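Residue-level structure breakdown
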Amino acid sequence: MTPSVRAVDVILAKRRGDAHDRDTLEGFIGGYVRGEVPDYQVAAWLMAVVWRGMTERETADLTEVMADSGERLDLAEFAHPVDKHSTGGVGDKTTLVLAPLLAALGASVAKMSGRGLGHTGGTIDKLEAIPGFRAELDREAFFRQVREIGVAVTGQTRALAPADGLLYALRDATGTVASLPLIASSIMSKKLAGGARTIVLDVKVGHGAFMRTPDEARALAASMVAIGHHAGRTVRAVLSNMDEPLGTAVGHALEVREALATLRGAGPPDLRELVLTLAGELLEAAGLVTGRGEVEAALDDGRALERFERWVAAQGGDVARLDDLEVATETADWCADASGYLTSIDAQKVGAAVSHLGGGRRQKGDVLDLGVGAVMRAKVGDAVRAGEPLVTLHHRDGRGLEAAWATLAGAASIGERGERRPLVLEVVR
Ligand code: URA
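Cut-off values and rules
- Residues numbered from 1 in each chain as written.
- Predicted model: local features only at pLDDT ≥ 70, side-chain atom pairs only at ≥ 80, totals over all residues.
- Heavy atoms only, no water.
- Helix = DSSP H or I, 4+ residues; strand = E, 2+ residues; numbered from the N terminus.
- Rg over C-alpha atoms; globule rule 2.2 N^0.38 Å.
- Buried < 20%, exposed > 50% of the residue type's maximum accessible area, 1.4 Å probe, protein only.
- Contact = heavy atoms within 4.5 Å.
- Areas by Shrake-Rupley, 256 points an atom, 1.4 Å probe, with all protein chains shown as cover.
- Expected span 1.5 Å × (residues − 1).
- Arc of directions from axis to C-beta.
- Pairing = 2+ DSSP bridges.
- Axes fitted to C-alpha atoms, helices over the stretch in contact; angles between N-to-C directions.
- 1 Å grid on protein atoms, 1.4 Å probe; cavity = no way out; pocket = protein on both sides within 12 Å on 5 of 7 lines; lining within 4 Å.
- Points joined across faces, edges and corners; volume = space filled by probe spheres on them.
- Nonpolar A, V, L, I, M, F, W, Y, C, P; charged D, E, K, R; others polar.
- Salt bridge = Lys/Arg side-chain N within 4 Å of Asp/Glu carboxyl O.

1. Brief notes about the overall build of the chain
- When its secondary structure is counted, the chain shows 16 helices and 13 strands.
- A compact globule built from 429 residues would reach a C-alpha radius of gyration of about 22 Å, and the chain, at 21 Å, matches this within 12%.
- When the backbone C-alpha atoms are referred to their principal axes, the chain occupies close to 65 × 45 × 40 Å.
- By the burial criterion, 57% of the 429 residues in the chain qualify as buried.
- Of the contacts formed within the chain by residues at least 6 apart in sequence, a portion of 79% connects residues at least 24 apart.
- Carbon together with sulfur atoms contributes 49% to the accessible area of the chain, which is approximately 17200 Å² in total.

And the structure:
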């Protein structure tokens, strides 16, 4: 930390509600990454940010400082480097369908994805449900694959935006995750460091999401789009409903199966709709397509599927076993306690139930059971009858089942009128 910036003064300034300048943020965050500012001072500062907020300029500066805390990927050799980020949801297997679809339409997808923590699953863990799939690629293999196939997905490296890795872990442990400037800078620092020129953000809204209301989600989306714009990137944000899990499958192998079905022209309508919307926005912004019809055609005529299989094979996955993924065969149904229409089903609780069965991590490093999960037997708006299944759990010998039942208690609401909510609420450009 530079001698002119004292950590305690930074905390006091934010406690008063002052805006920091870029030098101050560089000194403070840089000092933290180098180990010169201790966790407890950064934790106090984070809490002050939660309460006092940040100006738009401050949030943009914080993002750049975090993006500069490690290396930035240079994707200049690719004509259309694109990226997508979801703020996190349950049953969200979108990347598995979207990435090969984008590649099939001429985009280069050089993507870092995360592992799951808590009730949301991670793309990297899902891909590892495919036998042989290697999620860690060295730089050379990563770039070669993007050149040859147009898509490579690897785990988050510590080299990219390391400040975010440190801050996120501290936020998780200090109740300071839910803050607009902190979420916006966390997400956008990784996107800026990742090098893509055109980015689409899937901002989830609802029970299973960080943003519970459309207003909160809109504000987060606008902030991230503005940060991207300042940094010379084209960013669009799609606000999508997370009042229930996306699609019908929750759990790693089950979600890969559902993604595969979608690539084969079947799959649940909400997943297909979200994929087409995200792809349409991204490819139009990148100047690669002019209408949704072109995107739909690549999904329906097998081009995206063919790209998916080449991608999986390039990362060591056994394509011949895609139809034979290991899924826990013991099942138990969670049933409706009344007749009527399903009006909501808490995605966060469904994700937590799957976690209890062994499908989620309590701590970093926990080994996941990739074969357990949940299948939604009804979607919001469907007519349901008392005693009929709403959710089927796939478990191993009943492990975690009691805790899953307890978590699901009260997760569903059944009412007298069926109403489907729109999946895509709006697009912020
Ligand atoms: N996703 C992120 O990457 N960071 C956050 O702060 C929240 C969601």
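2. Notes on helix H14 (residues 303–314)
- With twelve residues, H14 extends 17 Å between its outermost C-alpha atoms, agreeing within 8% with the 16 Å of an ideal straight helix rising 1.5 Å per residue.
- Taken together, the buried positions of H14 are occupied by Ala304, Leu305, Arg307, Phe308, Trp311 and Val312. The arc that holds every buried residue of H14, seen down its axis, measures 160°, which confines them to one face.
- Elements in contact with the buried residues of H14: helix H5 (94–104), helix H6 (123–127), helix H7 (139–149), strand E3 (151–155), helix H11 (252–263) and helix H13 (292–300).
- Gly316 sits one or two positions beyond H14 and adopts a positive phi of about 90°.

3. Focus on the sheet that holds strand E1 (residues 81–86)
- Strand order across the open sheet formed by six strands is E3-E2-E1-E4-E5-E13, with mixed pairing between neighbours. If you trace the sheet from one side to the other, it starts and ends with E3 and strand E13 (424–428), each paired once. On average, each strand axis in the sheet is inclined to that of its neighbour by 20°, with strand direction left out of account.
- Pairing analysis gives five bridges linking E1 to strand E4 (residues 198–205), with the strands arranged parallel. Opposite Lys84, over in E4, you have Val200 as the bridge partner.

4. Some points on empty space enclosed by the protein
- For the coordinates displayed, the defined rule picks out three cavities of 30 Å³ or more.
- Each pocket or cavity is described by its volume, and for the second largest cavity that value is around 40 Å³.
- In terms of lining, the second largest cavity is formed by Val82, Asp83, Lys84, Thr95, Leu98, Ala99, Leu102, Val109 and Lys111.
- Sorting the residues of the lining of the second largest cavity by element identifies E1, H5 and strand E2 (108–113) as the ones contributing at least two each.
- The element contributing the most residues to the lining of the second largest cavity is H5, with four residues.
- Grouping the amino acids of the lining of the second largest cavity by side-chain chemistry returns five nonpolar, one polar and three charged.

5. Side note on the layout of surface pockets
- As a volume, the second largest pocket reaches approximately 270 Å³.
- Taken together, 14 residues form the lining of the second largest pocket, with Glu244, Asp270, Lys379, Val380 and Arg421 sitting closest to its centre.

6. Considerations on the pattern of salt bridges
- A full pass over the atoms with the stated rule returns 41 salt bridges.
- Between Arg22 and Asp61 there is a salt bridge whose closest N-O contact spans 4.0 Å. Pair noted here: Arg22 is in helix H2 (residues 22–33) and Asp61 is in helix H4 (residues 56–67), with a separation of 39 residues, a long-range link.
- Take Arg22: its relative accessible area is 29%, and that puts it in the partly exposed class.
- We classify Asp61 as buried; its relative accessible area is 12%.

7. Topic: unusual backbone geometry
- Although it is not a glycine, Ala161 adopts a positive phi angle of roughly 45°.
- Positive phi is not limited to glycine here, since Asp397 has a value of about 55°.
- Take Asp397: it is sitting in the loop between strand E11 (389–395) and helix H16 (401–408).
- By relative accessible area, which is 70% here, Asp397 ends up exposed.

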